Structure formats: structure tokens, C-alpha cells
Amino acid sequence: MKKCLYLYGAGKWGRAFLESEEYKGIKGNYANIIFYDSNKEINGSIQNINIAHDLWDNRDDKDIIITCGSWYEVYEDCILHDCKPMYIFDRDSSKLLSYKQMCLSKHVLYRNMECIHYEAVREKQINDGVERFKRTNDLFNNIEGVGLMLSNLCNYAYLHSKCPAHCIREKEILSSETVKRIIDELAVRKFDGVLYFHIYNEPMNDPRLFLFIEYAKKEMPQCKVLVYSNGYYLNQVMINDLEEIGADILAVTGYGREEYKRLLALDVNIPYRIVWGDLDERLDLYKASTDDGNREYEPCRTFITTVNIYSDGDVGICCLDYKHPYKLGNIMDNSLEKVLNHERVINIQKNLLNGNRCDLPICRHCNWIR
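Okay, so let's go over this structure. (Residues numbered from 1 in each chain as written. Predicted model: local features only at pLDDT ≥ 70, side-chain atom pairs only at ≥ 80, totals over all residues. Heavy atoms only, no water.)

**Examining the overall build of the chain**
Moving on, step 1. A count of helical and extended segments in the chain gives 13 helices and 16 strands.
Moving on, step 2. Considering the chain as a whole, with its 370 residues, one finds that 53% of them fall into the buried category.
Moving on, step 3. Put simply, of all contacts in the chain between residues at least 6 apart along the chain, 67% involve residues at least 24 apart.
Moving on, step 4. A total accessible area of about 17,900 Å² is found for the chain, and carbon and sulfur atoms account for 47% of it.
Moving on, step 5. Once the 47 positive and 55 negative side-chain charges of the chain are each reduced to a mean point, those two points are 1 Å apart. (Helix = DSSP H or I, 4+ residues; strand = E, 2+ residues; numbered from the N terminus. Buried < 20%, exposed > 50% of the residue type's maximum accessible area, 1.4 Å probe, protein only. Contact = heavy atoms within 4.5 Å. Areas by Shrake-Rupley, 256 points an atom, 1.4 Å probe, with all protein chains shown as cover. Lys, Arg positive; Asp, Glu negative; His and termini not counted. Charge placed at Lys NZ, Arg CZ, Asp CG, Glu CD.)

**Focus: the sheet that holds strand β6 (residues 87–90)**
Moving on, step 1. With respect to topology, seven strands assemble into an open sheet ordered β3-β4-β2-β1-β5-β6-β7, the strand pairing being mixed. Each of the sheet's edge strands pairs with one partner strand only, and the pair in question is β3 (45–46) and β7 (95–97).
Moving on, step 2. Bridge count between strand β5 (residues 62–66) and β6: two bridges; the pairing is parallel. Paired with Ile66 across the strands is Ile88, a residue of β6.
Moving on, step 3. Lying on the sheet, helix α3 (residues 71–80) is in contact with β1 (4–8), β5 and β6; it crosses β5 at an angle near 160°.
Moving on, step 4. Packing of helix α4 (residues 99–106) onto the sheet brings it into contact with β6 and β7, and relative to β6 it is tilted by some 35°. (Pairing = 2+ DSSP bridges. Axes fitted to C-alpha atoms, helices over the stretch in contact; angles between N-to-C directions.)

**Details of unusual backbone geometry**
Moving on, step 1. Its identity is not glycine, yet Asp82 carries a phi of approximately 55°, on the positive side.
Moving on, step 2. Along the polypeptide, Asp82 turns up in the loop between α3 and β6.
Moving on, step 3. Using a relative accessible area of 67% as the deciding quantity, one classes Asp82 as exposed.
Moving on, step 4. A positive phi angle, close to 40°, is found at His324, a residue other than glycine.
Moving on, step 5. Judged by its relative accessible area of 11%, His324 is buried.

**Quick notes on the pairing of strand β4 (residues 49–52)**
Moving on, step 1. Pairing of strand β2 (residues 32–36) with β4 involves two bridges; the strand directions are parallel. Considered in β4, the bridge of Tyr36 is made with Ala52.
Moving on, step 2. When β3 meets β4, the two strands line up antiparallel, connected through two bridges. Pairing of Ile46 across the sheet is with Ile49, part of β4.
Moving on, step 3. If you look at the hairpin formed by β3 and β4, you'll find two residues sitting between the two strands, and Gln47 has a positive phi there, around 50°.

**Focus on the sheet that holds strand β15 (residues 314–316)**
Moving on, step 1. Read from one edge to the other, the open sheet built from nine strands follows the order β8-β13-β12-β11-β10-β9-β14-β15-β16, with strand pairing classed as mixed. Of all the strands in the sheet, the pair left with one neighbour each is β8 (110–111) and β16 (329–330).
Moving on, step 2. Strand direction decides the pairing type here: strand β9 (residues 145–148) and strand β10 (residues 194–196), joined by three bridges, are parallel. Within β10, the residue paired with Val146 across the bridge is Leu195.
Moving on, step 3. Sheet strands in contact with helix α9 (residues 257–264) are β8, β12 (249–254) and β13 (272–276), and its direction is about 175° off that of β13.

**Some points on the nonpolar core**
Moving on, step 1. Core analysis: the biggest nonpolar cluster contains 102 residues, and Leu186, Phe197, Leu250 and Leu336 have the highest contact counts within it.
Moving on, step 2. Per-element tally for this core: the top contributor is α3, with six residues. (Core = buried A, V, L, I, M, F, W, Y, C linked by side-chain atoms within 4.5 Å.)

**Thoughts on the pairing of β5**
Moving on, step 1. Burial analysis of β5 places five of its five residues in the buried class, the great majority of the element.
Moving on, step 2. Residue alternation in β5 divides its side chains into two sets, Lys62, Ile64 and Ile66 and Asp63 and Ile65, and both sets are buried.
Moving on, step 3. Where β1 meets β5, five bridges bridge the pair, whose relative direction is parallel. By the bridge assignment for β5, Cys4 is matched with Lys62.
Moving on, step 4. Considered for its hand, the β-α-β crossover made up of β5, α3 and β6 is right-handed. (Right-handed = clockwise from strand over helix to strand, strands pointing away.)

**Regarding helix α8 (residues 236–245)**
Moving on, step 1. The N-cap of α8, judged by a side-chain oxygen 3.2 Å from the amide nitrogen of Val237 a few residues on, is Asn235.
Moving on, step 2. Just past α8, the residue Gly246 takes up positive phi, approximately 120°. (Polar contact = N/O pair within 3.5 Å; in protein donor to acceptor, adjacent residues only side chain to side chain.)

**Notes on the pattern of salt bridges**
Moving on, step 1. One pass over the structure, following the stated rule, counts 16 salt bridges.
Moving on, step 2. One salt bridge connects Glu219 with Lys218, and the closest N-O pair in it is separated by 2.9 Å.
Moving on, step 3. Glu219 sits in the partly exposed class, given a relative accessible area of 28%.
Moving on, step 4. For Lys218, a relative accessible area of 62% gives the class exposed.
Moving on, step 5. One network of salt bridges, in which partners are shared, links Glu76, Arg111, Glu119 and Arg273. (Salt bridge = Lys/Arg side-chain N within 4 Å of Asp/Glu carboxyl O.)

None of this, on its own, says anything about what the molecule does.
Following this line, the structure appears as C-alpha cells:
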């Protein structure tokens, strides 16, 4: 019995697909072809193909081809409804591409299905943490991520002049004792958020990484360990070892098309994402701006999303604060709980949640939403 084919998007991309050779080659494989579009103002039919608005209410066996410009968001929507699209129509080339091929072609963030599901759950966890913080004024017990910068060393630092790691003058290494002490403190809290071992370092440079992952999973089995790498050391053997040792999420940066393509070809069974290696302008965030007074700011959940602990022990405002002159405190002097639940830090986070970024110059120059 032939399946039904849904074309997700009845706008310009959808109409272009009907004129393509790709459509002519597959239309005979289906008993019924239906357009789906979330815009309920689009009604009727296109070239005798009916337009529906109830894709997820209809659980019949079906194939989906994405035929709209917002293909990335649509693909995520399909995955979250446990329905993997067959192809995405690329209007530029008039070709049907897989999701991986489309991400490679358009130079965008790649996330596997496991990562899409994971990030949807994490977003809810962060928002729940925000609401609990508003009720309790307790920041430490509501954080959802902790980043430990094991060192300030990166094997790509000499290549990337826009990266803060390029600017280092003196080697710093966060001691194993300090790393374990922070993990122990989080374990008492039964921390079930995400633990990172990077900020501007390459964590796979550090021979202690696997030991720290093992220790974290032993002391906090409910936490998620994320390994973020520039990908230099990453191959299938390393991925298999990371999965076996207990890493829960893998994120990499693909610097250049061929490296992105190589990373895309790896077989990863845990949540996995690949970022295109285009460095941003974060080095300029400390520079004065002339129009700060006229800007409107979005709320920022920075400390709840991730607490960043640098290799010298400073707890920074966020990952953009690479010089951390506005540090919240230092983990060598106090527990993480004391640093985060200090009145000053609580007030900073409250203001940021209200869209008030005037407390700190770096926040006034920033348009990121953490």
C-alpha cells in the first residue's frame, strides 16, 4: 500500500518544488499528496493538491518533504513530533537534500535527533529554574549548568586571532583538587543539570578529562556531562570512548567545509551538534558604545543557564566575559553556593531577567540571550 506524501510548506518553496524534476520523479510513488501549512489563511489547493492544517492530528503512515524557507525550524518541529522528514527541498539548487546535506550546504548548526530532543528538555529545565529562582532568591540551587575551564590552553589558539585563547600571556591550569571540590559541592545538591569542562580551552588537550568525567558521573549520576571540542582530536574511536566513559552530550566546531563534513560523517549515538567555525566579535564587548542609552534589551538568564568558572578560579558573568573583570567571586576563596547566593549576584540576575543590563558595561554592549 502506497503512503501519503505531505509537502510541509505551501508557499513559494512549495510551488517551486511542484515545478522541479525532483517532484516529477517521485510523485508516482504516492497514492495521495497533500500540502501542509501552519498558515491557516492559505486554503484550497495548488495544482489539484489539497492544503491541510492538521499534520500532527493525522497519525496515518506518511512521508514528509519540507518545502519552505524556514526548513530548519520545521525539521525541529517534525523531530519533536517523532516524525523524521525524508528530504528538504533546496530552492536554490532545486534538489532534494537530506538534513545533513542541507546543513552542510547552508553553513548552519547541525543537531542530531537526540540533540533536538535533549535541547527542548533543557530549555524547559532552564525556564523552570528561572521561575524557582524568582520565588526563592536562591541561585545556587536553581542553576542548570556549570562550566569548568580546566586550563586556558587551546591547540587552535595560535590560528584564531578573534578567540580569547589567542590573547593569553600566562599558562593557567585549574587544579584537580578544585575541580573535584566543585563536583562534590554540586553532588550534595544532587545537581542534575549539565557539567562542562570548557570555556575557552580545548578540553581534549587535558589528560585529566576522562578522569573528571568518570568522577562526575560517579558522584552525580543524574547530571549530564557535555564535552565541547574544536574537533581536532575527534574521530570514531574517540567518540566511542567518550560514550563508553559516560559523556552525555558532544558538541564540536567545524572550522571550514571539509572539517565540518568530516565531523558530520561520524557516528554519534548521544546528543551531537556541530557549529560552523565563524568566530564572533566578542573581543569588542569591552569597548565603549555610544548608543547604550537607546537600546532595548531582552531578558538574560545567564547564571541559571551556565555558571562559568575560569582557570584561575574566577566565577565570570558569562562565557563572553573572557577577561572577567566583573567577576562574581573566586572559587578558591569561597564555596560556589556562597559566591552565587551573594546579594550582589542575586540582584544582577534579577535585573538581567527584567531586561536591565545597565549594572555591568559588558552586559550593556551585549545582545546575546543566554
